[in-house]
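Close look at the chain arrangement
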Amino acid sequence: MKLKNLALLPLLAVIVLVQLLCSWTDSVFYLTQLTMSAYYSLLIIGLCVLMGYAGQISLGHAGFFAIGGYLSAALTTRNLVPFQDQFCVRLLDAAGCLTAGQDIYGEALLVVTPWAACVIAVLTAAVVAFLLGIPVLKLKGHYLAMATLGFGIIIYRIVLASSYFGEADGISGVPGFTLLPGLSVSGDFSNRAANYYIAWGFLLLAMLLLRNLIDSRVGRGLRAIHGSSEAADAMGVDTARFKLHTFVLSAILAAIAGVLLTHYNGGIGPSEASIMKSVRYVAIVAVGGMANLWGALIMGVILNFLSLRGLFGSYDDAVFGLILILIMLFAPGGILNLRFGGLRLLPNLIAKRKREGN
Amino acid sequence: MALLRINQLGKHFGGLHAVSDVSFSLKEGAIKAVIGPNGAGKTTLFNLISGVLSPTSGEVLFHGKAIQGFKPYRIAGLGVARTFQNIKMFAGMTALENVMVGRHVRSGAGFVASMLRTPACRREEVAIRRKSMELLDFLGIADCAEIEATSLAFGQQRAVELARALALEPTLLLLDEPAAGLNIYETAEVGRLITRIRDLGVTVLLVEHDMSLVMEISDEIVVLSFGQKIAEGLPTEIQRNPEVIKVYLGE
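Residues numbered from 1 in each chain as written. Chains lettered and ligands numbered in written order. Predicted model: local features only at pLDDT ≥ 70, side-chain atom pairs only at ≥ 80, totals over all residues. Heavy atoms only, no water.

1. With respect to the sheet that holds strand β7 (residues 172-176) of chain B
All names here are of chain B. Basically, it comes down to this: Two strands qualify as a pair provided that DSSP identifies no fewer than 2 bridges between them. By the criteria applied, helices consist of DSSP H or I runs no shorter than four residues and strands consist of E runs no shorter than two, each listed in order from the N terminus. Fitting a line to C-alpha atoms yields each axis, with helices limited to the stretch in contact; the angle taken between N-to-C directions then spans 0 to 180 degrees.
Within the open sheet, the six strands sit side by side as β6-β7-β8-β3-β9-β10. Their pairing is mixed. In the strand order of this sheet, the two ends are held by β6 (80-82) and β10 (228-233), each with one partner. Strand-to-strand twist in this sheet, taken as the mean axis angle between neighbours without regard to direction, amounts to 20°. With three bridges connecting them, β6 and β7 associate as parallel partners.

2. Let's talk about a nonpolar patch on the surface
All names here are of chain A. Filter applied, for reference: Patch building starts from residues that exceed 30% relative accessible area and form no salt bridge, then joins like charges within 9 Å and nonpolar side chains (Val, Leu, Ile, Met, Phe, Trp, Tyr) within 5 Å. Exposure was quantified through the Shrake-Rupley algorithm and a 1.4 Å probe, taking into account, for residues, occlusion by the shown protein chains and nothing else. Any carboxyl oxygen of Asp or Glu within 4 Å of a side-chain nitrogen of Lys or Arg constitutes a salt bridge here. The buried label goes to any residue with under 20% of its type's maximum accessible area, the exposed label to any with over 50%, and the partly exposed label to all in between, with areas taken from a 1.4 Å probe on protein chains only.
A surface patch of nonpolar side chains, amounting to about 810 Å² of accessible area, comprises L6, L9, L12, V16, L17, L20, L21, W24 and Y197. With seven residues, helix α1 (residues 8-24) is the single largest residue contributor to the nonpolar patch. Note that L12 resides in helix α1. A residue is classified by how much of its surface remains accessible, and L12, at 39% relative accessible area, is partly exposed.

3. Points about the sheet that holds strand β5 (residues 65-66) of chain B
Residues and elements named next belong to chain B. Here we have four strands laid out as an open sheet, ordered β2-β1-β4-β5, and antiparallel in their pairing. With partners counted over all chains shown, the strands left at the sheet margins are β2 (16-27) and β5, one partner each. Judged from the five bridges that link them, strand β1 (residues 2-13) and strand β4 (residues 57-62) form a sheet pairing that is antiparallel. Counterpart to L4 in the pairing with β4 is F62.

4. Notes on the pattern of salt bridges
Per the counting criterion, the structure on display carries 15 salt bridges over all chains. Between E97(B) and R223(A) there is a salt bridge, with the nearest N and O atoms lying 2.7 Å from each other. Of this pair, E97(B) sits in helix α3 (residues 95-101) while R223(A) sits in helix α8 (residues 217-227), on two different chains. When sorted by exposure, E97(B) lands in the same class as R223(A), which is buried. Through salt bridges with shared partners, a single ionic network connects K32(B), E220(B), K229(B) and E232(B).

5. Some points on unusual backbone geometry
Residue and element names in this part refer to chain B. The backbone of E177 shows a phi angle near 50°, a positive value even though the residue is not glycine. Its identity is not glycine, yet F226 carries a phi of approximately 45°, on the positive side. Exposure remark for F226: the relative accessible area of 72% places this residue in the exposed category.

Fair warning: the whole summary comes from geometry, so function is off the table for now.
This is the structure:
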C-alpha cells in the first residue's frame, strides 16, 4: 500500500471512535443518521469525481440513486406469483435469483433475492448512464446541466406516476440485504452498529478506489480534460470516452448508494428522486471544493447528518439552495479553502501531506 | 520516403479560403518551417494536420496513410505531438503531472486497473514517472517538477509543454510558434533545443515568426500567403526569392 493511502487510517480511527462514543454515552440513535449520511456520501464522492475532476456537471444524480433504490425495492417486494409462467421469471428462477415465502396474509410470495435485485438495479443504472451519456456529454456548461436536469425530472415523474413504484407512497416493506452470512443491511435496531460499519466500510472502500483513480493515468487524463480539453485531446486522451466512463462510474456509485440505503431504510419514497436532491448533491460537492474528494466526503457526512437530524426543519431544501448561492458567491474554492487572515478554516493538512509524501 | 505529405489540402470557412490547395512533403528527420504573414493560414494548416479541423478538400498522408478527418486523440496515438501558440498547461496539475499526461498513449491502464492499482498498473506508473522526470531533466527544468505548471515563468511553461509533447515519443512534432514571447537569448536556446530534438530522431514541423530562428535551424521552408503556398525551398533560396520578399516587404 502506498504511503498516501495511510491518510485513510485517521478516518478509520474517527469512525471507530464515534461508534464507541455513541455506545458509551447511550446515544446510539446517532448511528442511524451517520449510516444514512455515509450512503449519501457514497453518491457524493462519485459526483465529485465527475464534477471536480472530469469537469462535467450533473443535475440528475438523484435519478441514478432512485433507479438503484426503486428497482431493488420493487424487485424484492413485488410478488411474481401471477407471472410465474413468463419466460423472464422462469429464467430468474432457474438462475436461483428468486426466493419464495409467504406474505403477512399467508399468501404465496415470490420475489427476487436482494443480491440479484442489486445487480439488476446497478446494471440498469449503468446502462442508462451509458446511453444517456453518449449524446448528453457532448454538451457543455449550462446545456449539460439542463439535459441532466431533464433526465432527473423524467425519473422523478416515472416513479411518481407508476403504480409499480408505488406512486406518491413509494415502496415500503423492503427486506434486509444479507451481504454475507450474519452481515445484513437492514434497519433492525439490533444491527445498528454493524450497519454503521457496513456503510462506512463501503464509503471507505469507494474513497480508496476513487483516490487511486484520481492519481493514475486515467485520473490525470480526466484532470487534463478539465484543464484544457484541446491540449488533452492533442496528448491522445480520448476525451469523449473518458467523460462517458466517469459518468457511468458515478452513476454506479449513486445506484449502489440507492440500493443499500433503501434496504437500510426498508423502503424508498419519491422525494429521493426529486430535483432538490440532485441540487443538494451538487451543492455539497461545491461546498467541499469541487476537485476535493476529502472535502466532498466531509461535507457530505456533516451536511447530510445535520439535515437528517432535522436541524434545518422544513427549510431543508431552502438551506441547501442558500448554501449553493453562498458558496458560489463567497467561496468558489469550497469551504475548506476559505481563508480568514491567511489561516484556513480547516487546515487542509491532508492535501499538503499528500504533496510532500510523493 | 516522406514522413508527412500534404496533398492539395484546402480548408474553407464559408467564403474564406483559409488554406487552399497546399501541397508539400516532409522528409524523416528534417526540420521544416512554415512561415508567412499573419493570417496566411499557418495555424489552420497545423489544426488540419493535428485533427482539430477537418479539411474541405485534399489529403494528409502520415507514413503514407491518409489521416485527414481523424479525431485529434487518434492522430496523437499515431505519434504526432504538438504544442500550442498560446501555451495550454493543464491547470491544477504540477509540471511533472503535465508531462505525465504526455505518456498517455504510451501506457494503457484503464478505469478498473487504475482504481484497483494492480501490480501492472503500479509498474507502469513508475515507468511513466521516470520517463517524465528524464524529459524535464532533458529540458533543464527538473527542479520545477513539483510546482504547479500554471504558476511557472513563461519560458518554463514552454519547456514543460515541449516535454509533454516529447513524452508522447512522437515521430512528428508540430511546434506552433515555439519562440513566441521569448527574448533573443531564450529564442536561441529554443533553437538549440529543437536541433537536439531533431537529433533524437524526431521530425519537426514548425510555424514561426522569428526569421533568425527559422533561417538558422530549418532544413527547408514553406511560405504561405493568403492560404496558398508561394514558395518552398532551402533557407538560402527562400531569402532570395523575389515572391517572398514581395510578400514580406511589400512592392
